[in-house]
Amino acid sequence: MGYKSDINLFKAAGGSVAKGKKMPITKKLLICLVAVIFICGAVIGLLTYMNSAQTKELKKLVDQKNSYEFTKRLTQSLIKDYNNVTASKDSLSFIEYYNELSSGLFSPLTEEELTAIKGYMLNNGYTTEFSFTDVAEELKKQIALAPYKIDSNDDNAALLQESYKLLYSAISSMIEYPELFADLPTQNENDIWYSYFRGQFVAVVQGAGDYRLLLQGLTDSAQTGVNPFLGLDMETDTGAEKLTEAYGITVNIEGVDYTVISITRRTIVERLFDAIEDRIKIALENEYDQTGVEYKYSIGKLEVNTRENTISFQIRATQSEVFGLEDIVYAIDGSPFFKAEKDLVFDFEDGASLQEAELVFTIENYAKDAMQEIVKTIFANSETEGE
């Protein structure tokens, strides 16, 4: 009751109570609509921004995907090309060594010959006591550049061009397939210093000098004591000359000189004549009976069969009581390059001055035997890796 009295007193004093007005429903709706529009605009703006960002990111990812796919296709194409080149290179290398191993024309050097050749080089200021592996790539690079240093006015320019190509290929083979030559005699303990390539004996030695003089000495049996290289007698206006084939180059690597030489090896036919003539020489020195017999021989119908690895020929030789065809046959069989597949006996024919026979010998080649299985292994592995 006190509360009502207070109000009455307030009114009596002239006070009044303000009455709140109600907001029209239309105004409320308008405010709500504006608010909704603002919120929707904000949401749409945000979604538009997010969509734009996502579109850019999506485009970036798509472009990246396309780039990756292009790179993948390009890489696969390049890998395929690389594999094709590698396969072709391996095929060429296989053909190279197949020809080397199956030709049967050029003989390897015996261990005695290698020792003599190495000794001759040591006595003339060269050494094989170095690491071929350490200098091989630089050696190859400098040989590749050598043709550009040739004087075009040099009469031997064309020959030098060809010799550098051969030396480059030979050194490349030593770099790529050192295991082919590692088991050959007198190699260094942990590395190689010589190889066989296209019928050539290729050697790398440390040291310098006139490589032409080195080649001249190595192909002179009077200086080395051995005769493992091609040597054909040729008549000229100045007399008989020995025809050889040899190349060389000297390069400097970090202040140290290295000399590369390549000499054509003695053919198997030359080895056959060597065996016969050496035996006749012995006969002349020790068995000549002072009767005036002149020991001679002749060879005909000679054929080297590379498939069967044999050499066949017809031979006629002087016969005497102390020397005849049987001695020559045993001399050939005793050579490290030939082997008779059956016993060959030729009886002395009383009154006959000549004996003749048709002979067949197997060609012995220890280097071929040592390298052949390694070649198969190398290229079999290459084919497996390429698959």
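The rules behind these values
- Residues numbered from 1 in each chain as written.
- Predicted model: local features only at pLDDT ≥ 70, side-chain atom pairs only at ≥ 80, totals over all residues.
- Heavy atoms only, no water.
- Pairing = 2+ DSSP bridges.
- Helix = DSSP H or I, 4+ residues; strand = E, 2+ residues; numbered from the N terminus.
- Axes fitted to C-alpha atoms, helices over the stretch in contact; angles between N-to-C directions.
- Contact = heavy atoms within 4.5 Å.
- Core = buried A, V, L, I, M, F, W, Y, C linked by side-chain atoms within 4.5 Å.
- Buried < 20%, exposed > 50% of the residue type's maximum accessible area, 1.4 Å probe, protein only.
- Polar contact = N/O pair within 3.5 Å; in protein donor to acceptor, adjacent residues only side chain to side chain.
- Parallel < 35°, antiparallel > 145°, perpendicular 65-115°, else oblique.
- Left-handed = near helix turned anticlockwise from the far one by under 90°.
- Nonpolar A, V, L, I, M, F, W, Y, C, P; charged D, E, K, R; others polar.
- Patch = residues over 30% accessible without salt bridge, like charges linked within 9 Å, V, L, I, M, F, W, Y side chains within 5 Å.
- Areas by Shrake-Rupley, 256 points an atom, 1.4 Å probe, with all protein chains shown as cover.
- Salt bridge = Lys/Arg side-chain N within 4 Å of Asp/Glu carboxyl O.
- Lys, Arg positive; Asp, Glu negative; His and termini not counted.
- Charge placed at Lys NZ, Arg CZ, Asp CG, Glu CD.

Q: What is the right way to read the sheet that holds strand β10 (residues 354-363) from this model?
A: The pairing of strands in a sheet comes from backbone hydrogen bonds and takes either a parallel or an antiparallel form. Here four strands make up an open sheet; going across it, the order is β7-β8-β10-β9 and the pairing antiparallel. The open sheet has two free edges, formed respectively by β7 (297-305) and β9 (338-340), since each of these has just one partner strand. Taking the axes of each pair of neighbouring strands and ignoring which way they run, one obtains an average angle of 30 degrees across the sheet. Bridge count between strand β8 (residues 310-318) and β10: nine bridges; the pairing is antiparallel. When the sheet's bridge partners are listed, Ile315 is paired in β10 with Ala357. Against the sheet, helix α9 (residues 325-333) contacts β8, β9 and β10, and its axis sits at roughly 10 degrees relative to β10.

Q: Which parts of the structure should I look at to understand the nonpolar core?
A: Considering soluble globular proteins, one finds that nonpolar side chains tend to be buried as a cluster. Ranked by size, the top nonpolar core spans 55 residues in total, and within it Met121, Phe132, Leu139, Phe201, Leu218 and Val260 carry the most contacts. Top contributing element to this core by residue count: helix α5 (residues 157-176), with eight residues. Leave out the neighbours within four places in its chain, and Phe132 touches Leu139, Ile171, Met174, Ile175, Asp191, Ile192 and Val204. Judged by nonpolar contacts, the second largest core, of 24 residues, contains Ile280, Tyr295, Ile315 and Ile363.

Q: Explain the sheet that holds strand β1 (residues 194-197) here, please?
A: Read from one edge to the other, the open sheet built from four strands follows the order β1-β2-β6-β5, with strand pairing classed as antiparallel. Every other strand in the sheet has two partners, leaving β1 and β5 (246-253) as the edge strands with one partner each. Direction aside, the axes of adjacent strands within the sheet are offset by 15 degrees on average. As paired strands, strand β2 (residues 200-206) and strand β6 (residues 256-264) are joined by seven bridges and run antiparallel to one another. Counted as the bridge partner of Val204 is Val260 from β6.

Q: Even after reading the chapter, I still don't get the pairing of β10, so can you show me in this structure?
A: Each regular strand displays side chains that alternate between the two surfaces of the sheet. Note: β9 against β10, three bridges, orientation antiparallel. Note that in β10 the partner of Ala340 across the bridge is Phe361.

Q: How do you make sense of the side chain of Asn365 when you look at a structure like this?
A: If you trace the backbone, Asn365 turns up in the loop between β10 and α10 (366-386). Taking relative accessible area as the criterion, Asn365 reaches 16% and is therefore assigned buried. Separated by 2.9 Å, the side chain of Asn365 and the backbone nitrogen of Lys368 make a polar contact. For Asn365, the contacting residues outside a window of four places in its chain are Phe106 and Pro108.

Q: I tried to follow the packing of helix α4 (residues 132-145) against α5 on my own but got confused; where do I start?
A: Each pair of packed helices gets described by two things: the angle between the helix axes and the distance between those axes. Running from N to C, α4 and α5 point in directions that differ by 155 degrees, and their axes come no closer than 10 Å. Put simply, α4 runs roughly antiparallel to α5. α4 and α5 meet at a crossing whose hand is left-handed. Contacts from Phe132, Ala136, Glu137, Leu139, Lys140, Ile143 and Ala144 in α4 reach Tyr164, Leu167, Tyr168, Ile171, Ser172, Met174 and Ile175 in α5. Considered class by class, the residues forming the contact of α4 with α5 number 11 nonpolar, one polar and two charged.

Q: Help me out: how do you make sense of a negative patch on the surface in this one?
A: Side chains of Asp333, Glu341, Glu364 and Asp369 sit close together on the surface and give a patch of like negative charge. Relative to the helices and strands, Glu341 is located in the loop between β9 and β10. On the basis of relative accessibility, which here comes to 55%, the residue Glu341 falls in the exposed class.

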